[in-house]
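Descriptive structure summary
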Amino acid sequence: MAAASLAGKPRKVIPKILAVIHADGCTGCEACVEVCPVECIYKVPGEEHSSLQTWCDIDLDRCIGCKHCAQVCPWDAIDMVDTLDAAQHVALKGGPPEYVEKHWDDLVDAAQRNAEGLLAKKKK
Ligand code: SF4
Ligand code: SF4
């Protein structure tokens, strides 16, 4: 099965588009987790009530931009965005007030790193 063969393997190229989950619109239903072929979507526990307030987020260093997650999200909480603009989208993804700030390195810096990697590749 494709999902099993891609899961856990390093990405070969940086995709032109990346998936960004808007935490405020995500219910944590995990429909996206089920279809991601590289298993790069993870559940984020709520800070105050870990089992009640959950949502999902994406490891952008592993996302291959396949759109499967966005196609199945019942709440339209996933946008496919241009990799070059991803950091801006991630910085505005919502969630608890300090969520993005607290995880800036893993979220916004990761998006920016993807953009810079893609740009560097274009210049070659
Ligand atoms: S776009 Fe594809 S690889 Fe990226 S998070 Fe969604 S399902 Fe996973
Ligand atoms: S499918 Fe949509 S609502 Fe469900 S966990 Fe994924 S992003 Fe959140």
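Where an unreviewed UniProt entry is consulted, the protein appears under the name NADH:ubiquinone oxidoreductase chain I-like protein, with the organism given as Singulisphaera acidiphila.

Concerning the pattern of salt bridges
Here the structure, examined in full by the defined rule, presents three salt bridges. Glu 30 is the salt-bridge partner of Lys 43, the closest N and O atoms lying 2.7 Å from each other. With Lys 43 in strand 2 (residues 41-44) and Glu 30 in the loop between strand 1 (17-21) and helix 2 (31-35), this pair connects stretches of sequence that are 13 residues apart. The salt bridge involving Lys 93 is made with Asp 57; its shortest N-O contact spans 3.1 Å. Residue Lys 93 is located in the loop between helix 4 (86-91) and helix 5 (99-102), and its partner Asp 57 is located in strand 3 (residues 55-58); the two are separated by 36 residues in the primary sequence. On the accessibility criterion, Asp 57 (3% relative accessible area) is buried.

Focus: helix 6 (residues 104-123)
For helix 6, spanning 20 residues, the distance from its first C-alpha to its last is 27 Å, which sits close to the expected 28 Å at 1.5 Å a residue. Helix geometry: helix 6 is bent most strongly at Ala 110, by close to 30 degrees. Residues of helix 6 that are buried: Leu 107, Val 108, Ala 110, Ala 111, Asn 114, Ala 115 and Leu 118. Where helix 6 is buried, its residues contact strand 1, strand 2, strand 3, helix 4 and helix 5.

Criteria and thresholds
Residues numbered from 1 in each chain as written. Chains lettered and ligands numbered in written order. Predicted model: local features only at pLDDT ≥ 70, side-chain atom pairs only at ≥ 80, totals over all residues. Heavy atoms only, no water. Salt bridge = Lys/Arg side-chain N within 4 Å of Asp/Glu carboxyl O. Helix = DSSP H or I, 4+ residues; strand = E, 2+ residues; numbered from the N terminus. Buried < 20%, exposed > 50% of the residue type's maximum accessible area, 1.4 Å probe, protein only. Expected span 1.5 Å × (residues − 1). Bend = angle between axes of the 7 residues up to and from the residue. Contact = heavy atoms within 4.5 Å.

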